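Spelled out, the chains give:
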Amino acid sequence: MNANKLFALAALALAANAAQAQTAQQTVTFQVDAINQISVAGTPSLSITTAVAGSAPTAVTSTGHTWAVTTNQTGAKITASIASAMPTGLTLSATMGAPSGATSAGQKSLGTTAVDMVTGITKLNATGLSLSYQLDATAAAGVVSSSTRVVTYTITAGV
Amino acid sequence: MRMQSWMLVAIALLGATRESGAQFLSVSGSPSVLRVQSATPGGTPAPATNGSTTYTIDTDNNKNQKIVGRINANMPDGVTLTVTLQAPGGAISVGAVMLTTTSKDLVTSIEKNTLTTRSITYEVSATLQAGVVASQSRTVTMTVITGT
């Protein structure tokens, strides 16, 4: 192929490329990960101070706390536990309100083994859900000085 | 040198290309993975954004140019891909445009003799109903055409 023809072919290619360069492309890669988030609000304080004569000490409650949740999965659940056992004769319980479509287990005693609090949470976000605590004491518990327990709430992924 | 017919055709082609003022559009590459992966408790998933790529446009002698864009396949249910092209001087960016398989205006009123590089910003957002979406890709095609 002589130089003239090579030149012509190059010109053809250049012209073709110039016309095609009106378009540009990009590859956009994306994904959505499993998202499960929970938060709680409030600093409850519970003091047992009275009893009806002849009965066990009167249990006390702390209400008005809230929790919030977001999940993009099906069947997530909330569990709760405390880091160390309550003093003998004392019981700390919690109750979580359920978001739409989910089920609250009602009032649950808290221990070092996680217990289900709310189940069946599916693809939703909700805020201001109710959270309350109750402290019960037997007479045999005696006087218990002020102490604290950290309640850990965990959202377990669904599918 | 005697002018060959091949040569005459070639010269004519080159001349025609420049005289017609073919527009030119290129991009700096593809963005890194856009990953929707977090949410504030009680809130919806936070969108993923990427503004690392650019486009370069040369309208030459062509006036009233615009850039349109589309993707090669629909996004999964509940997942939205938007793109925002920064406008060249004197032109108008449409802003964040949700991309579909139908071409949509991205930048309009691009003047002739515009030669510049501007930013491209992508955003992927997802509803909770979208669930978990495995990694996948879409090809975004941008074209500069005549039109306002």
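Above this text is the structure in question.
Residues numbered from 1 in each chain as written. Chains lettered and ligands numbered in written order. Predicted model: local features only at pLDDT ≥ 70, side-chain atom pairs only at ≥ 80, totals over all residues. Heavy atoms only, no water.

A.B. asks: Mind laying out the overall build of chain B, listing which residues take part and the relevant values?
C.D. replies: Looking only at helices and strands, one finds 1 helix and 10 strands in chain B. For chain B, the sequential pattern of α-helices and β-strands runs α-β-β-β-β-β-β-β-β-β-β. Taken over 148 residues, chain B has a buried fraction of 41%. Partitioning the intrachain contacts of chain B with sequence separation of at least 6 by distance along the chain shows that 74% fall at a separation of at least 24. Of the roughly 7300 Å² of accessible surface on chain B, 50% is carried by carbon and sulfur atoms. (Helix = DSSP H or I, 4+ residues; strand = E, 2+ residues; numbered from the N terminus. Buried < 20%, exposed > 50% of the residue type's maximum accessible area, 1.4 Å probe, protein only. Contact = heavy atoms within 4.5 Å. Areas by Shrake-Rupley, 256 points an atom, 1.4 Å probe, with all protein chains shown as cover.)

A.B. asks: Explain the environment of Thr117 of chain B to me, and be specific about the residues and the numbers.
C.D. replies: Residue and element names in this part refer to chain B. Mapped onto the elements of the fold, Thr117 is located in strand 9 (residues 115-126). Here Thr117 falls in the partly exposed class, since its relative accessible area comes to 41%. Apart from residues lying up to four places away in sequence, Thr117 is in contact with Thr54, Tyr55 and Thr56.

A.B. asks: Residues and numbers for the side chain of Asp33 of chain A, please.
C.D. replies: Within the fold, Asp33 of chain A resides in the loop between strand 1 (23-32) and strand 2 (36-41). Given the relative accessible area of 16%, Asp33 of chain A is considered buried. Separated by 2.8 Å, the side chains of Asp33 of chain A and Gln31 of chain A make a polar contact. A distance of 2.6 Å separates the side chain of Asp33 of chain A from the side chain of Arg35 of chain B, its partner in a polar contact. (Polar contact = N/O pair within 3.5 Å; in protein donor to acceptor, adjacent residues only side chain to side chain.)

A.B. asks: How would you summarise the pairing of strand 3 (residues 48-58) of chain B if you had to cite specific residues and measurements?
C.D. replies: Side-chain direction in a regular strand flips from residue to residue, so the side chains alternate between the two faces of the sheet. All names here are of chain B. Across 4 bridges, the pairing between strand 1 (residues 24-27) and strand 3 is antiparallel. Bridging across to strand 3, Ser26 finds its partner in Thr56. Inspection of the sheet shows strand 3 paired to strand 9 by 9 bridges, in the antiparallel sense. Bridge pairing in strand 9 links Thr54 to Ser119. (Pairing = 2+ DSSP bridges.)

A.B. asks: How would you explain the pattern of salt bridges if you had to name every residue and give the values?
C.D. replies: In total, this model carries 3 salt bridges over all chains according to the counting rule given. When the shortest N-O distance is used, the salt bridge between Arg35 of chain B and Asp33 of chain A registers 2.6 Å. Of this pair, Arg35 of chain B sits in strand 2 (residues 34-36) while Asp33 of chain A sits in the loop between strand 1 and strand 2, which puts the two residues in different chains. A residue is classified by how much of its surface remains accessible, and Arg35 of chain B, at 43% relative accessible area, is partly exposed. Here Asp105 of chain B and Lys66 of chain B are joined by a salt bridge, their closest N and O atoms 3.1 Å apart. Pair noted here: Asp105 of chain B is in strand 8 (residues 104-110) and Lys66 of chain B is in strand 4 (residues 65-71), with a separation of 39 residues, a long-range link. The exposure class assigned to Lys66 of chain B is buried, which follows from its relative accessible area of 15%. (Salt bridge = Lys/Arg side-chain N within 4 Å of Asp/Glu carboxyl O.)

A.B. asks: Break down the sheet that holds strand 2 of chain A for me, citing the residues and quoting the values.
C.D. replies: Residue and element names in this part refer to chain A. If you walk across this open sheet you meet the 5 strands as 2-3-9-5-7, and the pairing is antiparallel. A single partner strand is all that each edge strand has here, and the edge strands are strand 2 and strand 7 (108-109). Bridge analysis of strand 5 (residues 90-96) against strand 7 gives 2 bridges, and the strand direction is antiparallel. Within the sheet, the bridge partner assigned to Ser93 lies in strand 7 and is Ser109.

A.B. asks: Just give me the short version of the pairing of strand 5 of chain A, but keep the residues and values in it.
C.D. replies: Residues and elements named next belong to chain A. Taking burial as the measure, the 7 residues of strand 5 include 5 buried ones, the bulk of the element. Strand direction decides the pairing type here: strand 5 and strand 9 (residues 124-137), joined by 7 bridges, are antiparallel. Looking at strand 9, one finds that Thr95 is bridged to Ser132.

A.B. asks: Give a detailed account of the sheet that holds strand 10 (residues 133-146) of chain B, specifying residues and quantitative values.
C.D. replies: Taken in spatial order, the 6 strands make up an open sheet running 2(B)-1(A)-10(B)-4(B)-8(B)-6(B), and their pairing is mixed. Looking at strand neighbours, the two that pair on one side only are strand 2 and strand 6 (92-93) of chain B, the edges of this open sheet.

Purely spatial values, then, with no claim about function.
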